[in-house]
Amino acid sequence: MRRPLRRRPTAAGSGTATAAPRAWLLALALAGCGGPSFNGTVYRGEDVAFRVPAAPASWRQISVSDAAVAYRDDANGATIALNGRCRNEEDVPLISLTNHLFLHFTDREVLKQEVVPFDGREAMHTVLSAKLDGVPKVFDIWVLKKNGCVYDMLLIADPARYAAGEPAFTRMVRGFSTLPADVD
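Note that the structure is predicted; figures quoted are calculated from it, not measured.

Caption draft 1: The nonpolar core, seen in detail. In this structure, Phe-50, Ile-80, Leu-82, Phe-118, Trp-142, Met-153 and Phe-176 are the most contacted members of the largest nonpolar core, which totals 28 residues. Residue assignment for this core shows that the elements contributing at least two residues are β5 (69–73), β6 (78–86), β7 (106–118), β8 (121–132), β9 (135–146), β10 (149–157) and α3 (162–174). Setting aside chain neighbours within four positions, we find Phe-118 in contact with Ala-123, Trp-142, Leu-144, Met-153, Val-173 and Phe-176. In terms of nonpolar packing, the next biggest core, distinct from the first, is built from 14 residues, Met-124, Val-143, Leu-154 and Ile-156 among them.

Structure follows, in structure tokens:
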């Protein structure tokens with residue numbers, strides 16, 4: 001997750017009667033090729049896999065760039081984004097991996113930062129306020145390195161409503177666990 005999250009464009013309004021069947025066939029073909037999958041609690045990608053608790057009913061799954069799994073709580077203006085990548089980044093310190101997520105942000109202020117035990121390793125937990133394109137947000141970030149992979153878990157919220165989204169995010173983080181990527 002190196003760039004700001006953006007919604008992926010959809011094919012809605014493409015205008016052809018065959019667009020839906022083609023999309024369904026493409027999804028079926030990709031599923032057969034071992035593309036990324038998420039069943040609501042287990043994500044499996046090409047080289048990374050993890051488990052999270054089911055999202056609360058008020059959160060809906062969304063598709064965003066640079067995230068394996070993402071949810072939105074429209075009532076509270078909050079987004080949860082989960083991602084993992086395996087690129088042999090074991091020698092990069094947790095603080096550097098965390099800071100790299102916010103290179104394009106301004107007015108950064110760390111509100112809390114700690115290294116804590118997490119899924120059999122250490123993770124960096126950071127709460128940060130920052131602006132992107134002049135819009136203030138609060139970010140609750142967990143960064144974990146494990147077995148050559150890096151996992152990023154973020155809550156992105158409007159500052160006035162951060163407290164409303166934080167319990168659902170904390171529940172998801174506490175239930176997170178890595179899985180072997182090569183197990184079906």
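Caption draft 2: Region of interest: the state of the cysteines. In this structure the tally under the stated criterion is 1 disulfide. Note that Cys-86 is cross-linked by a disulfide to Cys-149, the S-S spacing being 1.8 Å. The sign of the 95 degrees torsion about the S-S bond sets the Cys-86-Cys-149 disulfide as right-handed. With Cys-86 in strand β6 and Cys-149 in strand β10, this residue pair connects regions lying 63 residues apart in the sequence. Judged by its relative accessible area of 21%, Cys-86 falls in the partly exposed class.

Caption draft 3: Main features of the sheet that holds β10. Reading across from one edge, β4-β5-β6-β10-β9-β8-β7 is the order of the 7 strands in this open sheet, with antiparallel pairing throughout. Looking along the sheet, the strands with just one partner apiece sit at the ends: β4 (60–62) and β7. On average, each strand axis in the sheet is tilted by 20 degrees relative to the strand beside it, whichever way the strands run. Here 3 bridges tie β4 to β5, and the two strands are oriented antiparallel to one another. Bridged to Gln-61 within β5 is Tyr-71.

Caption draft 4: Broad picture of the pattern of salt bridges. According to the stated counting rule, one finds 8 salt bridges in the structure shown. The closest approach of N and O atoms between Asp-74 and Arg-60, which form a salt bridge, is 2.8 Å. Pair noted here: Asp-74 is in the loop between β5 and β6 and Arg-60 is in strand β4, with a separation of 14 residues, a long-range link. For Asp-74, a relative accessible area of 46% gives the class partly exposed. Its relative accessible area of 35% is what places Arg-60 among the partly exposed residues.

Caption draft 5: Up close: the side chain of Thr-79. On the secondary structure map, Thr-79 appears in strand β6. Within the local environment of Thr-79, its side chain forms a polar contact with the side chain of Arg-72, the two groups lying 2.8 Å apart. Setting aside residues no more than four positions away along its own chain, Thr-79 makes contact with Trp-59, Ile-62, Tyr-71, Arg-72, Leu-154, Leu-155 and Ile-156.

Caption draft 6: Structural detail: the environment of Ala-130. In this structure, Ala-130 sits in strand β8. C-alpha separation for the pair Ala-130 and Phe-102, spaced 28 residues apart in sequence, amounts to 8.4 Å. Once residues lying within four places of it in the same chain are set aside, the contact partners of Ala-130 are Phe-105, Thr-106, Asp-107, Arg-108, Val-135, Pro-136, Lys-137 and Phe-139.

Caption draft 7: Looking closely at the side chain of Thr-98. Within the secondary structure, Thr-98 sits in helix α2 (residues 94–100). The class for Thr-98 is buried, based on a relative accessible area of 2%. Here Thr-98 is in contact with Gln-113, Met-124, Thr-126 and Val-143, once residues within four sequence places are set aside.

Rules used in this analysis
Residue positions are given per chain, counted from 1 along the sequence in the order it is written. Predicted model: local features are reported for residues with pLDDT of at least 70 only, side-chain atom pairs are reported and counted for 80 or more only, and whole-chain, interface and lining totals are derived from all residues. In computing side-chain properties, one takes all heavy atoms of the structure into account and sets aside hydrogens as well as water. Side-chain atoms within 4.5 Å are what join buried Ala, Val, Leu, Ile, Met, Phe, Trp, Tyr and Cys residues into a set we call a nonpolar core. Working definition: with a 1.4 Å probe on protein chains only, accessible area under 20% of the residue-type maximum means buried, over 50% means exposed, and in between means partly exposed. A run of H or I in DSSP counts as a helix once it spans at least four residues, and a run of E counts as a strand once it spans at least two, with each numbered from the N terminus. Any two residues whose heavy atoms approach within 4.5 Å are treated as being in contact. Our working definition of a disulfide is a cysteine sulfur pair at a distance within 2.5 Å. For two strands to be treated as a pair, DSSP must find at least two bridges joining them. Every angle, taken between N-to-C directions, lies between 0 and 180 degrees, and every axis is a line fitted to C-alpha atoms, over only the stretch in contact when it is a helix. The term salt bridge refers to a pairing of a side-chain nitrogen on Lys or Arg with a carboxyl oxygen on Asp or Glu at a separation within 4 Å. Pairs of N or O atoms within 3.5 Å make up the polar contacts considered here, provided that, within protein, one atom can donate a hydrogen while the other can accept it, and that residues adjacent in sequence are counted only when both atoms are side-chain atoms.

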